[in-house]
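Structural overview for review
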Amino acid sequence: PMSEIGFDITPKSTLTEGERAALRQHYLTYVRAERDEGRQLRADLGEIYATIDKLADGLDMADLISRMGESSHIVIFATESSVLALREFQQAMLSEGKVVRLVSENSTEVNGIRALGPSDLLIVVTTSNGELIGRSGAQKVVLTASRDDELHALFGDVLRIGDGAEEGGALHRIYATFGVTYFFDRLFTQYARAYDPTLR
């Protein structure tokens, strides 16, 4: 079935054994960390949200919002799991008359990132495919909880929503879902305050 904004929201019904194993690893890592390491979701989320709130009130977020308003095209490049969390942001931005394109790592549209130019904005929510990102002529911003400074050198701006969420780590899924959702909710709020005439 199609959602009200035209996306196929039916989950893939068949997985290869390798895909299923990778998904289980992704979703069960934090479950194991709660059981074995005493992690507490409420405490981890509190830390993530506090970091994002501080970021949302800073100059980096204000600069990003300004560039969003001026950009010809806005593309968000993300993992499959983060794309699901970004649909709401995409729809909210559409309500403000701003089209945001979502491109996942596995999308056939991924090569279109190379065609973006200096008047376009590329917001990256995944740190894989560095070569592809490096070839893009767009203004580049990365949203990350990774400490990989070498990879971050590809970007004009690095927005840190925390630390220690390396691929496969206990906090990776928490940042990729809750952290990404909350960041983009705050981003939309700030964008609407800046550009929606009914809020001025």
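Residues numbered from 1 in each chain as written. Predicted model: local features only at pLDDT ≥ 70, side-chain atom pairs only at ≥ 80, totals over all residues. Heavy atoms only, no water.

**Observations regarding the overall build of the protein chain**
- When helices and strands are counted, the protein chain shows seven helices and five strands.
- The order of α-helices and β-strands along the protein chain, N terminus first, is α-α-α-β-α-β-β-α-β-α-β-α.
- Relative to the compact-globule value of 16 Å for 200 residues, the protein chain shows a C-alpha radius of gyration of 17 Å, a close match.
- Buried positions account for 43% of the 200 residues belonging to the protein chain.
- Intrachain contacts of the protein chain at a sequence separation of at least 6 include 55% that bridge at least 24 residues.
- Accessible surface, the protein chain: about 11,000 Å² in total, of which carbon and sulfur atoms supply 51%.
- Distance from the positive charge centre (21 side chains) to the negative charge centre (30 side chains) of the protein chain: 2 Å. (Helix = DSSP H or I, 4+ residues; strand = E, 2+ residues; numbered from the N terminus. Rg over C-alpha atoms; globule rule 2.2 N^0.38 Å. Buried < 20%, exposed > 50% of the residue type's maximum accessible area, 1.4 Å probe, protein only. Contact = heavy atoms within 4.5 Å. Areas by Shrake-Rupley, 256 points an atom, 1.4 Å probe, with all protein chains shown as cover. Lys, Arg positive; Asp, Glu negative; His and termini not counted. Charge placed at Lys NZ, Arg CZ, Asp CG, Glu CD.)

**Digging into the confidence of the model for the protein chain**
- Confidence along the protein chain averages 87 in pLDDT terms, with 93% of residues attaining 70 or more.
- The spread of mean pLDDT over the elements of the protein chain runs between helix H6 (residues 149-152), the lowest at 75, and strand S3 (residues 121-124), the highest at 96. (pLDDT = per-residue confidence, 0-100.)

**Observations regarding the side chain of Thr189**
- You can see Thr189 is positioned in helix H7 (residues 172-195).
- Among the polar contacts made by the side chain of Thr189, one reaches the side chain of Arg186 at a distance of 3.3 Å. (Polar contact = N/O pair within 3.5 Å; in protein donor to acceptor, adjacent residues only side chain to side chain.)

**Points about the packing of helix H4 (residues 80-95) against H7**
- Taken N-terminus to C-terminus, the directions of H4 and H7 make an angle of 10°; their axes are 8 Å apart at the nearest point. On the basis of their axis angle, the class for H4 and H7 is roughly parallel. Taken as a pair, H4 and H7 cross one another with a handedness that is right-handed. In this structure, H4 uses Ser81, Ser82, Ala85, Leu86, Phe89, Ala92, Met93 and Ser95 to contact H7, whose residues at the interface are Ala176, Thr177, Val180, Thr181, Phe184, Leu187, Phe188 and Tyr191.
- Of the residues in the contact of H4 with H7, the class split is 11 nonpolar, five polar and no charged. (Axes fitted to C-alpha atoms, helices over the stretch in contact; angles between N-to-C directions. Parallel < 35°, antiparallel > 145°, perpendicular 65-115°, else oblique. Left-handed = near helix turned anticlockwise from the far one by under 90°. Nonpolar A, V, L, I, M, F, W, Y, C, P; charged D, E, K, R; others polar.)

**What about the pairing of S3?**
- Covered by surrounding structure in S3 are Leu121 and Ile123 together with Leu122 and Val124, the residues of both alternating faces.
- Looking at chain direction, strand S1 (residues 74-78) and S3 are connected through four bridges and run parallel. Across the sheet, the residue bridging to Phe77 is Val124, located in S3.
- In this structure, S3 lies alongside strand S4 (residues 139-144), joined through four bridges in parallel fashion. Bridged to Ile123 within S4 is Val141. (Pairing = 2+ DSSP bridges.)

**Brief notes about the nonpolar core**
- With 39 residues, the main nonpolar core has Leu64, Met68, Ile76, Phe89, Phe183, Phe184 and Leu187 as its most contacted residues.
- For this core, the secondary-structure elements that each account for two or more residues are helix H2 (41-56), helix H3 (59-70), S1, H4, strand S2 (100-104), S3, S4 and H7.
- By residue number, the principal contributor to this core is H7, which donates nine residues.
- Look past the residues within four positions of Leu64 in its chain and what remains in contact with it is Leu121, Ile123, Val141, Leu159, Phe183 and Leu187.
- Ranked by size, the runner-up nonpolar core spans 13 residues in total, among them Val75, Leu116, Leu122 and Val142. (Core = buried A, V, L, I, M, F, W, Y, C linked by side-chain atoms within 4.5 Å.)

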